[in-house]
Amino acid sequence: TSSIFAAVEMAPRDPILGLNESFNADTRTTKVNLGVGVYFDDNGKIPLLGAVRAAEKTRLEAAPPRGYQPIEGTPAYNQGVQKLIFGADSALLADGRVVTAQALGGTGALKIGADYLKQLLPNATVYISDPSWENHRALFEAAGFPVATYPYYDAATRGVDFAAMKACLATLTPGSIVLLHACCHNPTGADLDAAQWAEVIAAIRERNLVAFIDMAYQGFADGITEDKVALDLFAASGLQFFVSSSFSKSFSLYGERVGALSIVTATRDESARVLSQLKRVIRTNYSNPPTHGGAIVASVLASTELRQQWEDELAGMRLRIRAMRTGLVDKLAARGVAQDFSFVVRQRGMFSYTGLSAAQVERLKAEYGIYAVSTGRICLAALNTKNIDYVADAIAAVL
Ligand code: PLP
């Protein structure tokens, strides 16, 4: 009898994880991995934040038992998330209009949100930006939705083609789901401004669309408060919407898988019913979330001193990325590169869409051991004071 797996085909490799494998196998000591989506410090290491370390020490000493958490996570964590993403004095929170559940990172939040939406709006199409984080399409397709795109990036201006985006939203079938990046758009680094968000909200209201806002980088553009402008405007709109949020980047807790799904309803009574349904989705997926990461984040957010320390450390990450943006632009100019790279400074978050072609990216890898995504996306947080000159030399040489 033949194996039930005999006819299984090899699935395509994840393009970014595949890049990491090639990078790890590269023996050149000068190699640089600009393909990742992770913040590294100036020594090229993933930092363990001081605020996290302090909270972990306290937790270790307290030696809490590891019972199950509630299906949706603890109130301490969920309320901490709500105050961070909506603001401590948010009317939505006072009115009981937000349902929040701890999730396995931002990805887990998207997944339980998608599974719940499939029950709520089984015939909807999901629209993601063109381009978007690679996993958005796969995740919503896996949840059973057709996934289409709305125009977003304009290579000519290196910004958002807002007219095309708006025109597309105005044609969508009522009940369609629109996935939006709150800030630090991955992969392009091009964000909407407040006036554009107001127009997006008007279009969503006009067409009866459902917004799903992905906020994976709060604090990486201009600051914790500044980066939630989209959420503030949605909150004020009176609409119902979904938010996935993540502490992977902002707390440098990637592997602990700490995120949350928040659903804004119309009334406290709706919230109670929506939470009961969301709990069913979670229960049948993984039952309840893990304890450690959420407990650490909750205790940092609840402590005046640790919260301040975290905000300072987050600002440090944000400013270091900015310094790498300006540094790269200045160093390219200093190497006689004629092309204007000033857009790199305007792009926000961890990434830049550099405009480097697939052939140029290939040359960076082959000749310099510098790894980037074939779309030309580079992670600025992988640059540091030791490798930036080498990278600038290499980019100047392949242009
Ligand atoms: N959404 C976007 C836009 C991202 O860039 C990422 C991470 O790269 C995520 C979600 C997922 O984050 P997490 O690692 O918390 O699942």
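Residues numbered from 1 in each chain as written. Predicted model: local features only at pLDDT ≥ 70, side-chain atom pairs only at ≥ 80, totals over all residues.

I would appreciate a short explanation of the site of the ligand in the present structure.
The environment of the ligand is formed by 13 residues, the closest being Gly-105, Gly-106, Thr-107, Ser-246 and Ser-248. Sort the elements by how many residues they give to the shell around the ligand and helix 5 (residues 105-120) lands first, with three residues. Considering only residue class, the shell around the ligand consists of three nonpolar, nine polar and one charged. (Near = placed C-beta within 6 Å. Helix = DSSP H or I, 4+ residues; strand = E, 2+ residues; numbered from the N terminus. Nonpolar A, V, L, I, M, F, W, Y, C, P; charged D, E, K, R; others polar.)

How should I be thinking about the UniProt feature "domain: Aminotransferase class I/classII large" (unreviewed entry) in the protein chain in this particular structure?
As recorded in UniProt, the feature "domain: Aminotransferase class I/classII large" (unreviewed entry) lies at residues 30-395. Split by type, residues 30-395 is 46% helix and 15% strand. Its first and last C-alpha atoms lie 14 Å apart. (UniProt positions renumbered as here; feature names shortened; annotations may be inferred.)

Sorry, what's going on with the packing of helix 7 (residues 162-169) against helix 8 (residues 194-207) here?
For any two helices packed against each other, the geometry is given by the interaxial angle and the distance between the axes. Helix 8 packs onto helix 7 with a crossing angle of 15 degrees between their chain directions and a minimal axis gap of 9 Å. The angle between helix 7 and helix 8 places the two elements in the roughly parallel class. Here helix 7 runs over helix 8; the crossing is right-handed. Between helix 7, through Phe-162, Lys-166 and Leu-169, and helix 8, the contact on the second element is made entirely by Gln-196, Glu-199, Val-200, Ala-203 and Arg-207. Of the residues contributing to the contact of helix 7 with helix 8, the split by class is four nonpolar, one polar and three charged. (Axes fitted to C-alpha atoms, helices over the stretch in contact; angles between N-to-C directions. Parallel < 35°, antiparallel > 145°, perpendicular 65-115°, else oblique. Left-handed = near helix turned anticlockwise from the far one by under 90°. Contact = placed C-beta atoms within 7 Å.)

Would you take a moment to explain the pairing of strand 2 (residues 98-104) for this structure?
Look at any regular strand and the pattern is simple: side chains alternate between the two faces of the sheet. With respect to burial, strand 2 is a largely interior element, seven of its seven residues being buried. Across the two faces of strand 2 the burial is the same, with Val-98, Thr-100, Gln-102 and Leu-104 and Val-99, Ala-101 and Ala-103 all buried. One ladder, built from seven bridges, connects strand 2 with strand 10 (residues 258-264); its direction is antiparallel. What sits directly across from Val-98, in strand 10, is Val-264. (Buried ≥ 20, exposed ≤ 12 C-beta atoms within 10 Å, placed from the backbone. Pairing = 2+ DSSP bridges.)

Help me out: how do you make sense of the domain arrangement of the protein chain in this one?
Interface extent is often summarised as the accessible area lost during association of the parts. Domain annotation for the protein chain reports domain 1 (15-49 + 306-398) and domain 2 (68-290). The distance between the C-alpha centroids of domain 1 and domain 2 comes to 27 Å. Between domain 1 and domain 2, the residue contacts involve 21 residues of the former and 23 residues of the latter. A class-by-class count of the residues in the side of domain 1 that touches domain 2 yields twelve nonpolar, five polar and four charged. (Domains from an automatic or database assignment.)

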